[in-house]
Amino acid sequence: MRTNRIRTTALAATALAAALSLTACGGEDKAMGTKPAGSAETATPAATSTDGKAQSDAPEAGAPETQTVPAEGKHAGGNGRKPETAPNPEAAASIPTCTPKNSTIKVSKVSRPINHLLLTVTNTGSTDCATYHAPFLRFDGAQAVYPILDDSKPQAVVVVSPGEKAYAGVALLGEPGEDAPVKSDNLGVIMVDKNNKAKGEATLKLPAETYTDSRGFVTFWQSDVENALMF
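Here is a short report on the structure shown in this document. Here the structure is a predicted model, which means the values were calculated and not measured. (Residues numbered from 1 in each chain as written. Predicted model: local features only at pLDDT ≥ 70, side-chain atom pairs only at ≥ 80, totals over all residues. Heavy atoms only, no water.)

Further remarks concern the pairing of strand β4 (residues 116-123). Across the eight residues of β4, eight count as buried, placing the element largely inside the fold. By the alternation rule, side chains of β4 split into H116, L118, T120 and T122 and L117, L119, V121 and N123, which are all buried. One ladder, built from seven bridges, connects strand β3 (residues 103-109) with β4; its direction is antiparallel. When the sheet's bridge partners are listed, T104 is paired in β4 with T122. Counting the residues that bridge the hairpin from β3 to β4 gives six residues, and of these N115 lies at a positive phi of roughly 60°. In terms of strand pairing, β4 meets strand β9 (residues 165-171) through seven bridges, oriented antiparallel. Residue pairing across strands places L119 opposite A168, the latter belonging to β9. (Buried < 20%, exposed > 50% of the residue type's maximum accessible area, 1.4 Å probe, protein only. Helix = DSSP H or I, 4+ residues; strand = E, 2+ residues; numbered from the N terminus. Pairing = 2+ DSSP bridges.)

This is the structure:
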């Protein structure tokens, strides 16, 4: 599993700094209780790659500590269907991005695989939204973007209907002894649009005793829990 190619980018720190400097979305995010990531129009790193209030249906170990982001629009409720996938990025180009404005984000601890978290985005709006690429993560305000697992890229963009969900897996630790794990309390989740530009950040409370190291990664958004946690 650790042989999967993890995409890290030399531009990660620059990209995150650019995303954090944006101001266009700042007012909206602050009003919603989220930590602003900046304007929707500032470019994030081209080398990295992909937008969160319902309970995750992933297996959880105990009651995880989470914080969800208030969203605009009425919750439509689930209908038992999995999120749809657009056949190609061009087909999803006209679909709005899932962001903290139309969705909620939850972080959960899972029992298996070990040392993994699950991110769940729930569409709380009245129209479809798309989870493009992978989320940009930063633990406790880190200035570097958390590595993205390029091998987890799905064949199609995941389009989320009202009340439905999309998922991303987060591996926290690499092989033992590679470097010392660091404890983290909060997680910033930056959603991006089809052009890999920041569209808003949610700040979540991490489950207790969450540790990360430099060998962890986050996956692209997936249509089901199994795909998100298979890496």
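This part covers the environment of A156. Along the chain, A156 falls in the loop between β7 (148-149) and β8 (158-160). A156 gets classed as buried once you look at its relative accessible area, which sits at 14%.

Once that is clear, we can look at the nonpolar core. In this structure, L119, L137, V170, L187 and V189 are the most contacted members of the largest nonpolar core, which totals 33 residues. At five residues, the largest contribution of residues to this core is made by strand β10 (residues 182-192). Beyond its immediate sequence surroundings of up to four residues, V170 is in contact with N115, H116, L117, L119, L137, F139, Y146, F217 and V218. (Core = buried A, V, L, I, M, F, W, Y, C linked by side-chain atoms within 4.5 Å. Contact = heavy atoms within 4.5 Å.)

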